[in-house]
Amino acid sequence: MYTLNVNGVTYQANVTDAETPLLWVLRDVLGLTGTKYGCGIEVCGACTVLIDGQVEHSCVFDVSSAVGKKIVTIEGLSATNSHPVQKAWIQCQVPQCGYCQSGMIMATEGARRAGHHGNEILPELKNVCVCGTYERIRRAVKTL
Ligand code: FES
Ligand code: FES
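Residues numbered from 1 in each chain as written. Chains lettered and ligands numbered in written order. Predicted model: local features only at pLDDT ≥ 70, side-chain atom pairs only at ≥ 80, totals over all residues.

### Here's the deal with the packing of helix H2 (residues 84-91) against helix H3 (residues 101-113)
Where H2 meets H3, the axes come as close as 10 Å, and the angle between the chain directions of the two elements is 130 degrees. With respect to H3, the axis of H2 lies oblique. With respect to the hand of their crossing, H2 and H3 are arranged in right-handed fashion. In this structure, H2 contributes Val85, Gln86 and Trp89 to the contact, and H3 contributes Gln101, Ile105, Thr108 and Glu109. (Axes fitted to C-alpha atoms, helices over the stretch in contact; angles between N-to-C directions. Helix = DSSP H or I, 4+ residues; strand = E, 2+ residues; numbered from the N terminus. Parallel < 35°, antiparallel > 145°, perpendicular 65-115°, else oblique. Left-handed = near helix turned anticlockwise from the far one by under 90°. Contact = placed C-beta atoms within 7 Å.)

Below, the structure written as structure tokens:
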């Protein structure tokens, strides 16, 4: 059993293997399915979450290492789409299929929390979008 703080809520996660990736705990144990699985090898960024404010790939982050830390997932930004990154994404109609977009938004938010704004955020975004929404992402990020 691991105690996790996710989006300000304390969860008891019934997991036996300390090396279980946080991604599977978020999705399969806690039911927070906004965070997505793409590659599992830290290439695509679909699984991006913030841990103690840092951008992390939850597909390779052991659940045992997440104990005592503050985890923020896409569900934790706002339930009403009122977060600035969510608003920029809506205004610029960024998503196509949407699969990569939770990770894109969380990576963008991580860059903002690191003090980057507007075009400064772009070099921090290494996530992959197979739909090719990069131009709309650039437009949205410029407004932040
Ligand atoms: S699923 Fe984690 S980086 Fe691709
Ligand atoms: S919107 Fe489809 S993968 Fe990015």
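Past the structure itself, the notes keep going.
### Focus: unusual backbone geometry
Residues other than glycine seldom take positive phi values, yet Glu42 does so here, at roughly 60 degrees. Within the secondary structure, Glu42 sits in the loop between helix H1 (22-29) and strand S3 (48-51). For Glu42, a count of 13 C-beta atoms within 10 Å puts it in the partly exposed group. A positive phi angle is found at Gln93, which is not glycine, with a value near 50 degrees. (Buried ≥ 20, exposed ≤ 12 C-beta atoms within 10 Å, placed from the backbone.)

### Brief notes about the nonpolar core
Core analysis: the largest hydrophobic core is formed by 38 residues, its most contacted members being Leu22 and Met104. Listing elements by their share of this core, those giving two or more residues are strand S1 (2-6), H1, S3, strand S5 (70-72), H2, H3 and helix H4 (134-142). With five residues, the top contributor of residues to this core is H3. For this core, the two domains that each supply at least three residues are domain 1 (2-75) and domain 2 (84-142). Apart from the residues within four sequence positions on either side, Met104 is in contact with Leu125, Asn127, Cys129 and Ile137. (Core = buried A, V, L, I, M, F, W, Y, C linked by C-beta atoms within 7 Å. Domains from an automatic or database assignment.)

### Re H4
Those residues of H4 that fall on the buried side of the exposure criterion are Ile137, Ala140 and Val141. Down the axis of H4, the buried side of the element spans an arc of 95 degrees, and every buried residue falls inside it. Where the residues of H4 are buried, they touch H2 and H3. (Arc of directions from axis to C-beta.)

### What about the domain arrangement of the protein?
For the protein, the assigned domains are domain 1 (2-75) and domain 2 (84-142). Here the C-alpha centroids of domain 1 and domain 2 sit 20 Å apart. Each side of the interface is counted separately: domain 1 has 15 residues, and domain 2 has 13 residues. Among the secondary structure elements, those contributing two or more residues to the side of domain 1 that touches domain 2 are S3 and strand S4 (54-57). Split by residue class, the side of domain 1 that touches domain 2 holds eight nonpolar, six polar and one charged. (Nonpolar A, V, L, I, M, F, W, Y, C, P; charged D, E, K, R; others polar.)

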